[in-house]
Amino acid sequence: MSMDLDTRADIFVLGLLDEPTQAELDAALADDPAWAAAVARARDRLLPLDMTAVELPGAVSLWDRIAPRLGPAEPAAAPAAVRAVPAAPVVPANDAGPPRRWFTAGMAAAAGILAGVMLGGSWFSAEPVVIAVLMDASGNPTAVVEDFGAADARIRFVSAVEVPEGRQMQVWTLPSAEMGPVSLGLLAGAGGADLDPPRLPVPTDGQLYEITLEPAGGSPTGRPTGAILAKGLAAQQGA
Amino acid sequence: MKISAAAATDEAVDLSDALLRCARGDQQALRLILETEGGRLLGVAHRMLQRRELAEEAVQDCMVQIWRKAHQFRAADGSARGWIFAILRNRCLNILRSGQRLESVPPEDLTAMQDARLHASAAGLDGMSDRIALKDCLTRLEPAAQRAILLAYVGGFSQGEIAAIQAVPLGTCKSWIRRGLELLRGCLS
């Protein structure tokens, strides 16, 4: 089905194409001037609809979380065993930007922490199946979860966290989309703890771990309900 | 008098200039964009995502993207504001389409979120000045086409979701949207 440039641009701006096509057309903006011009026209046609949204207060206070993420990102080497993502992905899936930019200062710091964990070696006797470095929204490492599988996991904080009065931190993992998020336990404070997870499938590479702020006593629904304090993806350890 | 979107934008603060300065590495220019556009960016994100923490995440990511992509902005093609809000919308859609990102939202909240998005989409034209040609042109469309376009743009719904909401086959929905967009362009030109 052929489609003229302007219709294609309109549909692209509405975000209605499937994700691979949307990503491909987004990448094409950088090197196809005619396409870029058609998309710019389409954006300006529909822009008045954005202006009908009510302005909300508090945007400027986000600056403190934005500023640390700016600046030229220097590629930093990370051990192959280490994989971590900031709580908010810097590069959306449909952005064909340079992948090296993922390695921000926060990543490098996380890598350093993990290296310390692994070199130190004296923390735990057993070898965890996975380690996840949990990052806050700005990409700063907040905590390290070591999951030994077999209903045994530990958490250690690597930066200070603020828990509001009446709230409690709860640690979660997502063993699979079917199971949904599962609680690994509630935390009394930010001093690190042995968690008390139920028996779950053996944790795997890339599995999601996160800490949310829940009402004291834990989530009333058994699923995360509060703000995400930090999250990260597991890196498989050992062979 | 009807005015076009491009003419109505970039007036108070020179956003084009701010983007140029961002491309040169001036963080104050990015902060200026946040100060002047932040409230509306947050509003657009909240209308689509319906949760404050997700909306804040989208705006933060959007600002970082603006910083990184500022060198790609070409003022000759269109308005700086159109470019900036497109980056935000893109980020919001990514959050909506990423199942994992919504994983921590409880099911009952997800239902409320969908309802609120539907409601916000229906109200998408509310508050738009009669002087904006887009309002007149959208109003002239078949109600089904107008609704589909608002669901997509304002609510961030996918084609499949829009077809389901309107209880029509996907192909019907697609042709409504396509025809609607063609009429809209004709009306606006």
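## Looking at the confidence of the model for chain A
All names here are of chain A. Of the residues in chain A, 75% have a pLDDT of 70 or more, and the chain-wide mean is 76. In the model, residues 73–106 has pLDDT below 50 throughout and makes 68 contacts with residues more than four positions away in sequence or in other chains. Across residues 111–125 the pLDDT falls below 50, and counting only partners more than four positions away or on other chains, this stretch makes 21 contacts in the model.

## Brief notes about the state of the cysteines
Between two cysteines, a covalent bond joining their sulfur atoms is known as a disulfide. Within the structure shown, the criterion is met by one disulfide over all chains. Summary of cysteine pairing: Cys92 of chain B is not part of a disulfide, and the nearest cysteine sulfur, belonging to Cys62 of chain B, is at 8.2 Å.

## Here we look at unusual backbone geometry
Residue and element names in this part refer to chain B. A positive phi is found at Gln50, a non-glycine position, where the angle reads about 65 degrees. Here Gln50 lies in the loop between helix H3 (27–49) and helix H4 (52–69). At Ala167, a position not held by glycine, the phi torsion is positive, near 55 degrees. By the secondary structure assignment, Ala167 is in the loop between helix H9 (159–165) and helix H10 (170–188).

## Quick word on the interface of chain A and chain B
Contact residues are listed per partner, giving 66 residues for chain A and 74 residues for chain B. Roughly 6,300 Å² of surface becomes buried between chain A and chain B when both sides are summed, with 59% attributable to carbon and sulfur atoms. Considering only the side of chain A, the residues that lose the most area to chain B are Leu16, Leu49 and Trp63 of chain A, jointly responsible for 11% of the buried surface there. Summed over the shared surface of chain A and chain B, the number is six salt bridges. A salt bridge links Asp26 of chain A to Lys69 of chain B, with the shortest nitrogen-to-oxygen separation between them at 3.9 Å. The tally of links between chain A and chain B comes to 17 residue pairs in polar contact (both at pLDDT 80 or more). When contributions to the side of chain A that touches chain B are tallied by element, the ones reaching two or more residues are helix H1 (5–14), helix H2 (19–28), helix H3 (33–50), helix H4 (63–66), strand S7 (208–215) and strand S8 (228–236) of chain A. With 13 residues, H3 of chain A is the largest single contributor of residues to the side of chain A that touches chain B.

## Quick look at the packing of aromatic side chains
The relation between two aromatic rings is expressed through the spacing of the ring centres and the mutual angle of the planes. Residues and elements named next belong to chain B. One pass over the full model with this rule turns up two aromatic pairs over all chains. Above the ring of Tyr153, the side-chain terminus of Arg89 is found at 3.6 Å from the ring centroid. Note that Arg117 overlies the ring of Phe157, its terminal NZ or CZ placed 4.0 Å from the centroid.

## Things to note about the sheet that holds strand S4 (residues 167–174) of chain A
All names here are of chain A. Strand order in the open sheet formed by eight strands is S5-S4-S7-S8-S1-S2-S3-S6, and the pairing between neighbours is antiparallel. Pairing within the sheet leaves two strands with one partner each, and these edge strands are strand S5 (182–187) and strand S6 (193–195). Going across the sheet, the axis of each strand differs from the next one's by a mean of 25 degrees, ignoring polarity. As paired strands, S7 and S8 are joined by five bridges and run antiparallel to one another. Each residue of the ladder has a partner; that of Tyr209, found in S8, is Gly232.

## Points about the pattern of salt bridges
As enumerated under the stated definition, the model contains 23 salt bridges over all chains in all. As a salt-bridge pair, Arg45 of chain A and Asp10 of chain A come within 2.9 Å of each other at their nearest N and O atoms. Linking Arg45 of chain A in helix H3 with Asp10 of chain A in helix H1, this pair joins segments that are 35 residues apart in sequence. For the pair Arg45 of chain A and Asp10 of chain A, one class covers both residues: buried. Of the charged contacts in the structure, one is a salt bridge between Arg91 of chain B and Asp61 of chain B, with a shortest N-O distance of 2.6 Å. With a gap of 30 residues between them, Arg91 of chain B in helix H5 (residues 80–97) and Asp61 of chain B in helix H4 connect regions that are remote in the sequence. A residue is classified by how much of its surface remains accessible, and Arg91 of chain B, at 7% relative accessible area, is buried.

## Digging into the pairing of strand S1 (residues 130–135) of chain A
Residue and element names in this part refer to chain A. By the criterion of burial, S1 is predominantly enclosed, with six of the six residues buried. Neither face of S1 is left uncovered, since the one carrying Val130, Ala132 and Leu134 and the one carrying Ile131, Val133 and Met135 both have all their residues buried. Summarising the sheet, S1 and S8 pair through four bridges and their orientation is antiparallel. Pairing of Ala132 across the sheet is with Ala234, part of S8.

## Digging into H10 of chain B
Residue and element names in this part refer to chain B. Over its 19 residues, H10 extends 27 Å from the first C-alpha to the last, a length consistent with the 27 Å expected when each residue adds 1.5 Å. Taken together, the buried positions of H10 are occupied by Cys173, Ile177, Gly180, Leu181, Leu184 and Arg185. Down the axis of H10, the sector holding all buried residues measures 135 degrees, keeping them to one side.

## Description of the pairing of S4 of chain A
Residue and element names in this part refer to chain A. The buried fraction of S4 amounts to seven of the eight residues, a majority that puts the element mostly inside the structure. The sheet contact formed by S4 and S7 spans eight bridges and is antiparallel. Looking at S7, one finds that Thr173 is bridged to Tyr209. One ladder, built from five bridges, connects S4 with S5; its direction is antiparallel.

Cut-offs and rules
Residues numbered from 1 in each chain as written. Chains lettered and ligands numbered in written order. Predicted model: local features only at pLDDT ≥ 70, side-chain atom pairs only at ≥ 80, totals over all residues. Heavy atoms only, no water. pLDDT = per-residue confidence, 0-100. Contact = heavy atoms within 4.5 Å. Disulfide = S-S within 2.5 Å. Helix = DSSP H or I, 4+ residues; strand = E, 2+ residues; numbered from the N terminus. Buried area = accessible area lost by both parts, 1.4 Å probe. Salt bridge = Lys/Arg side-chain N within 4 Å of Asp/Glu carboxyl O. Polar contact = N/O pair within 3.5 Å; in protein donor to acceptor, adjacent residues only side chain to side chain. Phe/Tyr/Trp six-rings, centres within 6.5 Å; stacked < 30°, edge-to-face > 60°. Lys NZ or Arg CZ within 6 Å of the ring centre and 35° of its normal. Pairing = 2+ DSSP bridges. Axes fitted to C-alpha atoms, helices over the stretch in contact; angles between N-to-C directions. Buried < 20%, exposed > 50% of the residue type's maximum accessible area, 1.4 Å probe, protein only. Expected span 1.5 Å × (residues − 1). Arc of directions from axis to C-beta.

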